[in-house]
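Topology and contacts: notes
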Amino acid sequence: MPGLLRGVARTAVVAGTATAVSNRVSRRQAGRWAQQDYAQQQEYTQQQPQQAPAPAAAPPGDDMSTKIEQLKQLGDLKAQGVLTEEEFEAQKRSLLAT
């Protein structure tokens, strides 16, 4: 019986140590990946223009066709990566509000 308890205790210690080491490695690796993602995000935002160009003011006339054309232009800018999803939604809301 004491030999069995010793074997179980040893197994528990080994398993606990392995789990602790594995968790520490995972946390360290996740931290490194987060730092890399943050650095890449900062690099990307520095390369992108700070303010997206505002769509041209709608001339008097056929207002709905003008809005549709401006929405298409916004969609093209978003597809090209000039506008982010949030910027696109903000521009779209302001365009449709007028």
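Each remark here, short or long, concerns the structure printed above.
What counts and what doesn't
- Along each chain, residue indices are assigned from 1 in the same order as the chain's sequence is written.
- This being a predicted model, a pLDDT of at least 70 is required before a residue's local features are given, and a value of 80 or more before pairs of side-chain atoms are given or counted; all residues contribute to the totals for chains, interfaces and linings.
- Each side-chain value is derived from all of the structure's non-hydrogen atoms; neither hydrogens nor water enter the calculation.
- Helix numbering and strand numbering both begin at the N terminus, where a helix is a DSSP run of H or I of at least 4 residues and a strand a DSSP run of E of at least 2.
- Here the expected span of a helix is defined as 1.5 Å times the quantity of residues minus one.
- By definition, residues are in contact when any of their heavy atoms lie within 4.5 Å.
- Each patch is assembled from residues with relative accessible area greater than 30% and no salt bridge, linking like charges that lie within 9 Å and nonpolar side chains (Val, Leu, Ile, Met, Phe, Trp, Tyr) that lie within 5 Å.
- Throughout, the Shrake-Rupley method with a 1.4 Å probe supplies accessible areas, and for residues the shown protein chains are the sole cover considered.
- Salt bridges are identified by distance alone: a Lys or Arg side-chain nitrogen within 4 Å of an Asp or Glu carboxyl oxygen.
- Neither His nor the chain ends is counted toward charge; the positive residues are Lys and Arg and the negative residues Asp and Glu.
- To locate a charge, take NZ of a lysine, CZ of an arginine, CG of an aspartate or CD of a glutamate.
- Burial classification: accessible surface area is computed with a 1.4 Å probe over protein chains only, and a residue below 20% of its type maximum counts as buried, one above 50% as exposed, and the rest as partly exposed.
- Arc definition: directions from the helix axis to the C-beta atoms.

Under the 1.5 Å per step criterion, the end-to-end length of helix 2 (residues 63-80) is 26 Å for 18 residues, consistent within 8% with the ideal 26 Å. One or two residues past the end of helix 2 sits Gly-81, with phi positive at roughly 90 degrees.

With respect to the element layout, Lys-67 can be found in helix 2. Residue contacts for Lys-67: discarding those within four places in its chain leaves Leu-95, Leu-96 and Thr-98.

Another aspect to go through is a positive patch on the surface. A cluster of like positive charges, contributed by Arg-24, Arg-27, Arg-28 and Arg-32, occupies part of the molecular surface. Relative to the assigned elements, Arg-24 resides in helix 1 (residues 2-47). Assessed through its relative accessible area of 54%, Arg-24 is described here as exposed.

A few words on helix 3 (residues 85-97). Look at helix 3: 18 Å from first C-alpha to last across 13 residues, which is about the 18 Å you get at 1.5 Å a residue. Turning to helix 3, its buried residues number three or more, namely Phe-88, Gln-91 and Leu-95. Here the buried residues of helix 3 occupy an arc of 70 degrees about the axis, which is enough to place them on one side. Of the exposed residues in helix 3, the ones pointing more than 90 degrees away from its buried face are Glu-86, Arg-93 and Ala-97. Where helix 3 is buried, its residues touch helix 2.

Turning next to the pattern of salt bridges. One pass over the structure, following the stated rule, counts two salt bridges. The closest approach of N and O atoms between Glu-85 and Lys-78, which form a salt bridge, is 2.8 Å. For Glu-85, a relative accessible area of 39% gives the class partly exposed. The closest approach of N and O atoms between Lys-92 and Glu-89, which form a salt bridge, is 3.5 Å. Placement of both Lys-92 and Glu-89 in helix 3 is noted, with a separation of three residues, approximately one turn of the helix. By relative accessible area, Glu-89 is classed as partly exposed at 24%.

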